[in-house]
Protein chains: 2
Amino acid sequence: MKIGVIGSGSWGSALALTAQRAGNNVTIWSRNEAIANEINRQHTNKLYLQDIKLPEDLIATNDLSSMINNDILLLVVPAQTMREICHALEQKNLPKQVTLVICAKGIEQNSFKLMSEVVKEFFPLNPIAILSGPNFAYEVAQNLPAIASIASAENAELLAKMLSSKHFRFYPNNDVIGVQIIGAAKNVLAIATGITIGNKMGENSKSAILSCGINEINALSIAKGGDAKTMLTPAGIGDINLTCNSLTSRNTAYGIALAKNKTNNGHLIEGFFTAKSIFHLSQNLEIDMPIFKAVYQIIYQNYSINSIIKFLNNS
Amino acid sequence: MKIGVIGSGSWGSALALTAQRAGNNVTIWSRNEAIANEINRQHTNKLYLQDIKLPEDLIATNDLSSMINNDILLLVVPAQTMREICHALEQKNLPKQVTLVICAKGIEQNSFKLMSEVVKEFFPLNPIAILSGPNFAYEVAQNLPAIASIASAENAELLAKMLSSKHFRFYPNNDVIGVQIIGAAKNVLAIATGITIGNKMGENSKSAILSCGINEINALSIAKGGDAKTMLTPAGIGDINLTCNSLTSRNTAYGIALAKNKTNNGHLIEGFFTAKSIFHLSQNLEIDMPIFKAVYQIIYQNYSINSIIKFLNNS
């Protein structure tokens, strides 16, 4: 298969490597011409993948027009940039048979749309898939063992087969909605578990927040049309486990900072924006999400972290 | 309610405190007379709960006969001792209206019976419940926030109400089988995730093992009569998250040691025994559990840890 990767950050570059290892013909597009040149000439992407050596047949380009001639396009741009890149691809007349694999986790600000809803506005006829799992990009680039979910109503099985390689296995499912809700919400849950760490509430309370938070996410997912079983896929508990237990997660670090009243960097954290989107989604769908509501109130309404502590108390 | 706690280890003592904080009249039984005396006179249990001060109205006894006059008995003894304590309580003519709450996690060696199956051999008419959740005893004793599941076919809602206090909330469910399967199997899964740590396979692979392992546990639970939804309760993913991510877990430490070929202390680890029980259960019920099978083979059949690594590879 001819696979194009839109985005040359750490995750885009790691996924380009993944697709190439699976035996596909891969081109990576970078907005940044210098990075495209570095990939083509030095076969590295030092800014995002440090010392990782890229294969010589992994081609990079700065020209978006050339990308529309692929069978599959992986969209690996930040969630808030998805609309812009879709608009640009529409201008290039992307053919309707190209499968679009969304590899961004998040909800569009203000519209509160899932990434698939944004992409479908521009490409209503193209097959759409979501790639999500417990994956640190640098470990994937190193070819350490990993798994992920690939969700699509159209061709999940085929995509899983096309992307799987010796050390990276993809599990197909058809729950495009559930995978996206979980992928976005887990960043907010990591802020909540970070608060329990920062507030020295113990490991029991961290697992309590995780356990209850998973049920809040599932309720939202089901209300939005998702499937409860998706929580047991790599994109579910696998990804949540990684994000909420990693000591290097920026969302966790932000939660810890919130508990200590040191929070001047929230605008750089994906969970900061998603907290607002999830809150509004839950209001629109009339789903009770006390942990997510508490995180929203702490970030946006100057509530103290007592609102998380209160959730764990019986009144 | 009059609640008796059988067992004065760290979890028994912490649960006695929990029951007392919930407003019950609590007596704790210790096999060890010196501990019973220390609880009654010094109001401490230094061997198991360090500096924690116990309330003066928490009474301890070394006399099992006096324990049968409770409404509820919490059985907080090691899994492999459950049969012996049931035999002793049967000798004392335990009345059939006393609710027996099993607080031990594990499967009986050789018989491969769940704890509820062992208890029912002796007390077929008594209401039976299982208490399980993400709970480090010392944090519970400190009254840090925590949650747990209480499973019973007879009176889960009532028990949840009787045991819940300000900082410790119990969630009722009726899946006695599922809660026990998960509670036992999580220790084996922690050995598997420990192996990924010891073998430096990365955080992605640890989450992969956890995600796939949860599905193996669910398959076994369903085959045994459990409910897939139990995985989303505190006794499910809550407890698994705590056990598989805690750096102080003995099962994790054992897995790390296995990966480094330093394993002279396996016989002290609950997961060491449960690996065998789960393997035989899965064989009897014809459930495919590749991760659990690999752990069994590594421990009991001298397989190398490559069998875990192989699981993560595509052949």
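Predicted model only: the values in this text are computed from it and were never measured. (Residues numbered from 1 in each chain as written. Chains lettered and ligands numbered in written order. Predicted model: local features only at pLDDT ≥ 70, side-chain atom pairs only at ≥ 80, totals over all residues. Heavy atoms only, no water.)

*Asks:* Residue-level account of the sheet that holds strand β8 (residues 168–173) of chain A, with values.
*Replies:* Residues and elements named next belong to chain A. The eight strands lie next to each other as β3-β2-β1-β4-β5-β6-β7-β8, forming an open sheet whose pairing is mixed. The open sheet terminates on both sides in strands that have one partner only, identified here as β3 (59–61) and β8. On average, each strand axis in the sheet is inclined to that of its neighbour by 25°, with strand direction left out of account. Relative to strand β4 (residues 72–75), strand β1 (residues 2–6) runs parallel, the two being bridged by four bridges. Bridging across to β4, V5 finds its partner in L74. Of the strands in this sheet, β1, β4, β5 (99–102), β6 (128–132), β7 (146–152) and β8 touch helix α7 (residues 156–163), which is tilted by about 175° from β8. Running over the sheet, helix α8 (residues 176–198) touches β6, β7 and β8 and is turned about 40° from β6. (Pairing = 2+ DSSP bridges. Helix = DSSP H or I, 4+ residues; strand = E, 2+ residues; numbered from the N terminus. Axes fitted to C-alpha atoms, helices over the stretch in contact; angles between N-to-C directions. Contact = heavy atoms within 4.5 Å.)

*Asks:* Hey, could you go over helix α13 (residues 290–300) of chain B for me, with residue numbers and the actual values?
*Replies:* Residue and element names in this part refer to chain B. Extensive coverage of α13 is indicated by the burial of eight of its 11 residues. Those residues of α13 not exposed but buried are I291, F292, A294, V295, Y296, Q297, I298 and I299. Those residues of α13 that are buried are in contact with α8 (176–198), α9 (203–223), α11 (250–259), α12 (270–284) and α14 (306–312). (Buried < 20%, exposed > 50% of the residue type's maximum accessible area, 1.4 Å probe, protein only.)

*Asks:* Tell me what's going on with the interface of chain B and chain A, and back it up with residues and numbers.
*Replies:* The parts lose accessible area when they come together, and the size of an interface is often stated as this lost area. In this assembly, 44 residues from chain B lie in contact with 44 residues from chain A. Here chain B packs against chain A, burying approximately 3,700 Å² in sum over the two surfaces, 50% of which is carbon and sulfur. Contact with chain A buries area across many residues of chain B, yet N204, L232 and N314 of chain B alone supply 20% of it, more than any other trio. If you look at where chain B meets chain A, you find zero salt bridges. At the junction of chain B and chain A, the tally comes to 24 residue pairs in polar contact (both at pLDDT 80 or more). Every element with two or more residues in the side of chain B that touches chain A is listed here: α6 (137–141), β7 (146–152), β8 (168–173), α9, α10 (234–245) and α14 of chain B. Considering every element that reaches the side of chain B that touches chain A, the biggest residue donor is α9 of chain B, with 11 residues. Its residues placed into classes, the side of chain B that touches chain A shows 21 nonpolar, 18 polar and five charged. (Buried area = accessible area lost by both parts, 1.4 Å probe. Salt bridge = Lys/Arg side-chain N within 4 Å of Asp/Glu carboxyl O. Polar contact = N/O pair within 3.5 Å; in protein donor to acceptor, adjacent residues only side chain to side chain. Nonpolar A, V, L, I, M, F, W, Y, C, P; charged D, E, K, R; others polar.)

*Asks:* Any chance you could break down helix α7 (residues 156–163) of chain B for me, citing the residues and the numbers?
*Replies:* Residues and elements named next belong to chain B. Within α7, the full set of buried residues consists of A156, L159, A160 and L163. The buried residues of α7 occupy one face: seen down the axis, they fall within an arc of 100°. Residues of α7 that are exposed and angled more than 90 degrees away from the buried face: E157 and K161. (Arc of directions from axis to C-beta.)

*Asks:* Please provide a residue-by-residue account of the relation of the copies chain B and chain A, values included.
*Replies:* Turning chain B through 180° and shifting it by 0.0 Å along the axis lays it on chain A, with an RMSD of 0.0 Å. Taken together, the rotation angle and the small translation identify this as a two-fold axis. When the interface residues of chain B are mapped onto chain A, 100% of them again lie at the interface, so the same face is used by both copies. (Least-squares fit on C-alpha atoms with pLDDT ≥ 70 in both.)

*Asks:* I'd love a proper account of the pairing of strand β2 (residues 25–29) of chain A, names of residues and values included.
*Replies:* All names here are of chain A. For β2, the buried fraction is high: four of the five residues fall into the buried class. With helix α1 (residues 10–21) bridging β1 and its parallel neighbour β2, the resulting β-α-β unit is right-handed. Here β2 runs beside β3; their pairing, made up of three bridges, is parallel. Bridge pairing in β3 links T27 to I59. (Right-handed = clockwise from strand over helix to strand, strands pointing away.)

*Asks:* Go over the sheet that holds strand β5 (residues 99–102) of chain B with me, naming the residues and quoting the values.
*Replies:* As a general point, the strands of a sheet are linked pairwise by backbone hydrogen bonds and lie either parallel or antiparallel. Residues and elements named next belong to chain B. The mixed open sheet is built from eight strands, whose spatial order is β3-β2-β1-β4-β5-β6-β7-β8. The sheet terminates laterally at β3 (59–61) and β8, the two strands that pair on one side only. Strand-to-strand twist in this sheet, taken as the mean axis angle between neighbours without regard to direction, amounts to 25°. Judged from the five bridges that link them, strand β1 (residues 2–6) and strand β2 (residues 25–29) form a sheet pairing that is parallel. In the sheet register, G4 faces β2, and the bridge partner there is T27. Contacting β2 and β3, helix α2 (residues 33–41) runs over the sheet at an angle of about 160° to β3. In the packing of α10 onto the sheet, the strands contacted are β6 (128–132), β7 and β8, and the crossing angle to β7 comes to about 140°.

*Asks:* So what's going on with the nonpolar core? Residues and values would help.
*Replies:* Judged by nonpolar contacts, the single largest core of 96 residues is most densely connected at I217, I240 and I308 of chain A together with I217, I240 and I308 of chain B. Sequence-distant contacts of I217 of chain B, defined by excluding residues within four places in its chain, comprise I181, I182, A185, L189, M231, I240, M289 and F292 of chain B. (Core = buried A, V, L, I, M, F, W, Y, C linked by side-chain atoms within 4.5 Å.)

*Asks:* Tell me about unusual backbone geometry, and name the residues and values.
*Replies:* Of note in the backbone geometry, Q50 of chain A takes a positive phi value of approximately 45° without being a glycine. Mapped onto the elements, Q50 of chain A comes out in the loop between α3 (46–49) and β3. Note on Q50 of chain A: relative accessible area 46%, which makes it partly exposed. Although it is not a glycine, H43 of chain B sits at a positive phi angle of roughly 60°. As for its placement among the helices and strands, H43 of chain B is situated in the loop between α2 and α3 (46–49).

*Asks:* Residue-level account of the pairing of β4 of chain A, with values.
*Replies:* All names here are of chain A. Going residue by residue along β4, you find I72 and L74 tucked away on one face and L73 and L75 tucked away on the opposite face as well. For β4 and β5, the ladder comprises four bridges, and the chain directions are parallel. Residue L74 lies in a different strand from β5, and its bridge partner there is V101. Traced from β4 through helix α4 (residues 82–91) to β5, the parallel crossover comes out right-handed.

*Asks:* Residues and numbers for the packing of helix α9 (residues 203–223) of chain A against α10 of chain B, please.
*Replies:* At a minimum axis separation of 9 Å, α9 of chain A and α10 of chain B run at an interaxial angle of 135°. With respect to each other, α9 of chain A and α10 of chain B are oriented oblique. Remark: the crossing between α9 of chain A and α10 of chain B carries right-handed chirality. Each of E203, N204, S207, L210, S211 and I214 of chain A in α9 of chain A lies in contact with α10 of chain B, whose residues at this interface are P234, I237, G238, N241 and L242 of chain B. Residues belonging to the contact of α9 of chain A with α10 of chain B are distributed by class as follows: five nonpolar, five polar and one charged. (Parallel < 35°, antiparallel > 145°, perpendicular 65-115°, else oblique. Left-handed = near helix turned anticlockwise from the far one by under 90°.)

*Asks:* An account of the confidence of the model for chain A is requested, with residue identities and associated values reported.
*Replies:* On average, residues of chain A carry a pLDDT of 95, and 99% of them reach 70 or more. Under the prediction, the complex receives an ipTM of 0.95, its pTM being 0.95. (pLDDT = per-residue confidence, 0-100.)

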